[in-house]
Structures are given as C-alpha cells and as structure tokens.
Amino acid sequence: MMELGIKVLLGYLLGSVNGSLLIGKFTGVDIRAVGSGNAGGTNALRTQGLGFALGVMLIDVGKGFVPAWLLPSLGLPGVPPDPTISRTWLMLACGSASVVGHCYPVWFGFAGGKGAATTVGMLIAVAPALLLPGLAVFAGVLMTTGFVGLATITAVTALPVILWWLSGPGSEPTIVTLALLALFIIFMHRSNIVRMSRGEESRMHKVMLFRRRPDGD
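1. Overview of the overall build of the protein
Next, step 1: Secondary structure summary: the protein contains ten helices and zero strands in total.
Next, step 2: Of the regular secondary structure in the protein, the N- to C-terminal order runs α-α-α-α-α-α-α-α-α-α.
Next, step 3: For a compact globule of 217 residues, the expected C-alpha radius of gyration is about 17 Å, and the protein comes in at 18 Å, within 12% of that figure.
Next, step 4: Seen through its principal axes, the protein has C-alpha atoms that stretch 60 × 45 × 25 Å.
Next, step 5: Burial analysis of the protein (217 residues in total) assigns 43% to the buried set.
Next, step 6: Counted over contacts in the protein with a minimum sequence separation of 6, partners at least 24 positions apart contribute 69%.

This is the structure in structure tokens:
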C-alpha cells in the first residue's frame, strides 16, 4: 500500500502543475481573472490566443500522460514494489490522481481546470485506441452544437461505453475508472450545464457546421 499511496500522491502533485496558471506566471496573466475565470485550455484560447493555449494543452496533456506511463514502473528509494497491486490499477490510479490534481491544484489554491486535457494525456498512456473515437465524438458534438463543454461531457461519457463494446475480458478496471472519471468531469462542468439550460452558454460559432448568428441563440 505504501507504493500505491506515494505514487498516487506524486500523480496528484504532477497534476497540480496547471498549464494556464504556470504560463500565466511568466506572462503576467492570471487566467482566473479573465473570461470565464476557469484555468483550462478553452478559456486560455478564448482570452489569450492560440499560442498561449497550445502551451497550456502541451503541459496539461503531458501531465496526464507522464504519471500513468512512468510512475507505475518507476523505482523509488525505500519504496519496494507491491506485488499485490496490479500495474494496470496503478496506472489508472496515478493518471486519475493527475486529473484530480489538475482540477484542484495544491500549488494554486485548489482552483484549476476541468480535467479534459489531462484525461486525454492519461488516455494516451492507458488506452490509446480510444483516443480517435473519443476525439471523433468530441468533434461531432462541437461542430453540431458549438458547445465545448457539451462536447467534452459527451466524449468522456462515451469512452467507457466504447471500450466496453470494443474490448474483451480484462478491461474492467479501465472501464470502471473511465466511468468514474466521466462522472467527475461532468461534475466539474456543472456550471456549463446550468448555463446551457438557461441559454447563456457561449458557442464556438466558427467551428459549427450549421452556423447561427450569435444573437439567434
């Protein structure tokens, strides 16, 4: 249990390195004080531009990938490998801890993003075959509705269903973890859900297949 606890903690601490807030430290921008106030990639893109947002995405995806890919096999001084813990479960636990760290970063007052990019990074490590189907669902919903939050929620909800449909025995740990992460990310998007229900959520009109004028929402 020592190995599990320490590596999950390390995953959380790595996840707490928030891309928007870190880059903002060097550029003099507090992303939480502009736009929607969320320290995630979407707000970074809308308020700071493509270059800033790409840097944010690189950090946030990377910190989801590294804990899930590296920590389970990493030898730590004084921490012997625990043979009772499946490496699959350890990958999933470390990656999930990074997602939680992104959303509630200890380094930034527990106010972070909503977990989507970091989940993508974790997915690259634990279930790369799901990346393209997940991105396809995200792109389809985004181009149809213009809502980034709805596209994210739909994509993460679809991931465990797609994996269940495609995989055989032995995928249960990943399916369960992705289902729990989907619930967590839906919770993190609760403000988006409220705004959509009120007709107040912003759309990305430029990517919509069937564009509507902004004043027609």
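2. Some words on the packing of aromatic side chains
Next, step 1: A complete count under the given rule lists two aromatic pairs for this structure.
Next, step 2: Note on Phe 65 and Trp 69: the rings are 5.5 Å apart at their centroids and 15 degrees apart in plane angle, and the pair reads as stacked. Residue Phe 65 and its partner Trp 69 are both found in helix H4 (residues 50-70); the two are separated by four residues, about one turn of the helix.
Next, step 3: One Lys or Arg, Arg 190, reaches over the ring of Phe 187 and ends 4.0 Å from the middle of that ring.

3. Some words on a nonpolar patch on the surface
Next, step 1: Taken together, Val 17, Leu 22, Phe 26, Val 106, Trp 107 and Phe 110 make up a surface patch of nonpolar side chains, about 600 Å² in accessible area.
Next, step 2: As for its placement among the helices and strands, Phe 110 is situated in the loop between helix H5 (87-103) and helix H6 (116-126).
Next, step 3: Judged by its relative accessible area of 47%, Phe 110 falls in the partly exposed class.

4. Overview of the nonpolar core
Next, step 1: Membership of the largest hydrophobic core is limited to twelve residues, which are Ala 68, Leu 92, Val 99, Cys 103, Met 122, Ala 125, Val 156, Leu 181, Ala 182, Phe 184, Ile 185 and Met 188.
Next, step 2: Top contributing element to this core by residue count: helix H9 (residues 172-188), with five residues.
Next, step 3: Contacts of Met 122, omitting those with residues within four sequence positions, involve Gly 64, Phe 65, Ala 68, Leu 92, Gly 95, Ser 96, Thr 177 and Leu 181.

5. Regarding the pattern of salt bridges
Next, step 1: Using the criterion set out here, one finds four salt bridges in the structure.
Next, step 2: One salt bridge connects Glu 3 with Arg 87, and the closest N-O pair in it is separated by 2.9 Å. Separated by 84 residues along the polypeptide, Glu 3 in helix H1 (residues 2-15) and Arg 87 in helix H5 bring together distant segments of the chain.
Next, step 3: For Glu 3, a relative accessible area of 3% puts it in the buried group.
Next, step 4: The class of Arg 87 is partly exposed, set by a relative accessible area of 32%.
Next, step 5: A salt bridge links Arg 195 to Glu 201, with the shortest nitrogen-to-oxygen separation between them at 2.7 Å.
Next, step 6: Residue class for Glu 201 comes out buried when judged on its relative accessible area of 11%.

6. Quick word on the packing of H1 against H5
Next, step 1: As a packed pair, H1 and H5 sit with axes 6 Å apart at the nearest point and diverge in direction by 35 degrees. The two elements H1 and H5 cross, and the hand of that crossing is right-handed. Here H1 contributes Glu 3, Leu 4, Lys 7, Val 8, Gly 11, Tyr 12 and Gly 15 to the contact with H5, which in turn contributes Arg 87, Leu 90, Ala 93, Cys 94, Ala 97, Ser 98, Val 100, Gly 101 and His 102.
Next, step 2: Here the contact of H1 with H5 is built from residues that sort into eight nonpolar, five polar and three charged.

7. A word on the packing of helix H8 (residues 148-166) against H9
A packed helix pair is summarised by two numbers, namely the angle formed by the two axes and the spacing between the axes.
Next, step 1: Following both chains from N to C, one finds H8 and H9 inclined at 165 degrees, their axes separated by 9 Å at the closest point. Judged by the inter-axis angle, H8 sits roughly antiparallel to H9. Seen from above, H8 lies across H9 with left-handed handedness. Across from Thr 152, Ile 153, Val 156, Thr 157, Leu 159, Pro 160, Leu 163 and Trp 164 in H8, the residues of H9 making contact are Thr 174, Ile 175, Leu 178, Ala 179, Ala 182, Ile 185 and Ile 186.
Next, step 2: Within the contact of H8 with H9, the residues separate by chemical class into twelve nonpolar, three polar and no charged.

Definitions and limits used
Residue positions are given per chain, counted from 1 along the sequence in the order it is written. Per-residue local features are limited, in this predicted model, to residues with pLDDT of at least 70; the limit for side-chain atom pairs, both in listing and counting, is 80 or more; totals at the level of whole chains, interfaces and linings are taken over all residues. To obtain the side-chain values, all non-hydrogen atoms of the structure were included, while hydrogens and water were left out. In DSSP terms, a helix is any run of H or I states spanning at least four residues, a strand is any run of E spanning at least two, and both are numbered starting from the N terminus. Here the globule rule reads 2.2 Å times residues to the power 0.38, and the radius of gyration is calculated from C-alpha atoms. Note on classification: 1.4 Å probe, protein chains only; a residue is buried when its accessible area is under 20% of the maximum for its type, exposed when over 50%, partly exposed between these limits. Residue contacts are defined here by distance: any two heavy atoms, one from each residue, within 4.5 Å place the two residues in contact. Aromatic rings from Phe, Tyr and Trp, taking only the six-membered ring of Trp, are treated as a pair when their centres fall within 6.5 Å; an angle between ring planes under 30 degrees marks them as stacked, one over 60 as edge-to-face, and anything in between as tilted. Placement of a charge over a ring requires the Lys NZ or Arg CZ to be within 6 Å of the ring centre, with the centre-to-atom vector within 35 degrees of the ring normal. Here, patches come from residues exposed beyond 30% relative accessible area and free of salt bridges, joined within 9 Å for like charges and within 5 Å for nonpolar side chains (Val, Leu, Ile, Met, Phe, Trp, Tyr). Accessibility throughout is a Shrake-Rupley quantity obtained with a 1.4 Å probe, and a residue counts as covered only by protein chains that appear here. Counted as salt bridges are all cases of a side-chain nitrogen of Lys or Arg within 4 Å of a carboxyl oxygen of Asp or Glu. For the purposes of this section, nonpolar cores are sets of buried Ala, Val, Leu, Ile, Met, Phe, Trp, Tyr and Cys residues that join through side-chain atoms within 4.5 Å. What counts as an axis is a line fitted to C-alpha atoms, over the stretch in contact for a helix, and the angles between N-to-C directions run from 0 to 180 degrees. When the near helix sits turned anticlockwise from the far one by under a right angle, the crossing is termed left-handed; a clockwise turn instead gives a right-handed crossing. Three classes are used, and their members are as follows: Ala, Val, Leu, Ile, Met, Phe, Trp, Tyr, Cys and Pro are nonpolar, Asp, Glu, Lys and Arg are charged, and the others, Gly among them, are polar. Any angle from 65 to 115 degrees is called roughly perpendicular, while one under 35 is roughly parallel, one over 145 is roughly antiparallel, and all others are oblique.

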